[in-house]
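A look at the structure
Here are the chains, one letter per residue:
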Amino acid sequence: MSEDVDPWNPRSVVSLAPRYKLGLAGLVVLALAPLLLPAVLGRGRGILAVVTLTVALFFAMFAMSWDAVSGYTGQISFGHALFFAVGGYGSALLNLELGVPPVAAILLGTVAAALAGVLIGVPALRLEGPYLSLITLVAPLILLQLFIVFSDTFGGELGLPSPDPLVPVSGFTAQTMTDYYVAFALFVAILGVLLAVTRSDAGSVFTAIREDEEAVAAAGINPAKFKIFAFVLSAAVGGLAGAVFVHTVGKPQPSQLLVMSVSIEVIIATIVGGMGTITGAAVGGLFFSLFREWLSDVSATVPILNVQVASLDLLLFSLVTLALLFFLPGGLLRWGIERGRSVVVENPEPVADGGRTPVERVLDAYRETVDRIGGDDRER
């Protein structure tokens, strides 16, 4: 998006590239979904579909939080559900045990997740290779065992009772609609914040670290500080999503917040959507959650096998996912943009810094520093 585009000016919105218009249209569809689904599917099925879409929004937020650190800095985390669980359980315990109001409990749960990001990120990000991934893989397993050992506090494998709703209203339908719009507002806010950060100078450094960390260090930039910042930001966002989740449609249970499959699923969803884009992670998270739920409800019978699709939902979903990873290695978002460009010729947008990549900008800064030091030495 060019810098002279004002999103609040209708004329500027008209001048947006097609992919941005498509993104805005997608947000409009999500905003209207609770009103459209009951009309299309019927009241009962429509309300249940709204619940499913609400859960998908939270999964998309989780995918975006993982992409902010792993997709941009290249530091792969295999246990990101840890922060989702810390935020969710922390908020639930504060509300259930101490009577803290949901809003304050959510904020404190988010802070707890950010602190967990510091405690794990600072020592782990000093490591290289598979060691960071190993630490992030083991950490949620340790936390899960603590939940089981101290089951009197954490509820064990069954989890805790549902805490107070964030915005309590009377009636299942009204509560479902309210929870959806809470999730949608949080989804838009997280999307906006992460896009702003990753499109800033800090985001350029993130990408440069992923491409060539030694070049970043040679330019006088401390990669560790930026990696820790990305890790803690990602942990806070994941914790915030987990905290709001348990106060809306979710429950503080290991099966929803902490099991290893959650961490693996979020990686697959982000890669399918488009790793290192934030928007692709959101698309992948929504697709992953909704497509899997849709398969589990299909009553059609598979020819020859004479088995219902719903009985093979996990197998079929895995096959579709493998096909997408094989044929679209760049993800759904990049594929959609490339296909769109082949049909619609977009107006070329001005590229900052003459089209240089983040690594090239870092190297230029390094050369300027070396030249300046050399000039100072000559003057002496």
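A brief look at the structure comes next. Please read these numbers as outputs of a predicted model, since none were measured by experiment.

1. Quick notes on the overall build of the chain
Broken down by element type, the chain carries 17 helices and 2 strands. The 380 residues of the chain split such that 43% are buried. Counting every atom, the chain has about 19,500 Å² of accessible surface; 66% of that belongs to carbon and sulfur.

2. A short note on the packing of helix 2 (residues 18–41) against helix 8 (residues 172–198)
Contact geometry of helix 2 with helix 8 gives a least axis separation of 10 Å together with a crossing angle of 170°. Taken together, the axes of helix 2 and helix 8 lie roughly antiparallel to each other. Here helix 2 contributes Leu27, Leu30, Ala31, Ala33, Pro34, Leu35 and Pro38 to the contact with helix 8, which in turn contributes Met177, Tyr180, Tyr181, Phe184, Phe187 and Val188. Across the contact of helix 2 with helix 8, the residue classes break down as 13 nonpolar, no polar and no charged.

3. Here's the deal with a nonpolar patch on the surface
On the surface, a cluster of nonpolar side chains totalling about 640 Å² of accessible area is made up of Val28, Leu32, Leu35, Leu36, Val40, Leu41 and Tyr181. On the basis of relative accessible area, Leu32 is assigned to the partly exposed category, the value being 40%.

4. Section: helix 14 (residues 279–297)
Over its 19 residues, helix 14 extends 27 Å from the first C-alpha to the last, a length consistent with the 27 Å expected when each residue adds 1.5 Å. Residues of helix 14 that are buried: Gly280, Ala281, Ala282, Gly284, Gly285, Leu286, Phe288, Ser289, Phe291 and Leu295.

5. Some thoughts on unusual backbone geometry
For Ile278, which is not glycine, the phi dihedral falls at a positive 65°. Using a relative accessible area of 0% as the deciding quantity, one classes Ile278 as buried.

Calculation notes
Residues numbered from 1 in each chain as written. Predicted model: local features only at pLDDT ≥ 70, side-chain atom pairs only at ≥ 80, totals over all residues. Heavy atoms only, no water. Helix = DSSP H or I, 4+ residues; strand = E, 2+ residues; numbered from the N terminus. Buried < 20%, exposed > 50% of the residue type's maximum accessible area, 1.4 Å probe, protein only. Areas by Shrake-Rupley, 256 points an atom, 1.4 Å probe, with all protein chains shown as cover. Axes fitted to C-alpha atoms, helices over the stretch in contact; angles between N-to-C directions. Parallel < 35°, antiparallel > 145°, perpendicular 65-115°, else oblique. Contact = heavy atoms within 4.5 Å. Nonpolar A, V, L, I, M, F, W, Y, C, P; charged D, E, K, R; others polar. Patch = residues over 30% accessible without salt bridge, like charges linked within 9 Å, V, L, I, M, F, W, Y side chains within 5 Å. Salt bridge = Lys/Arg side-chain N within 4 Å of Asp/Glu carboxyl O. Expected span 1.5 Å × (residues − 1).

The quantities given are spatial measurements derived from coordinates; they are silent on function.
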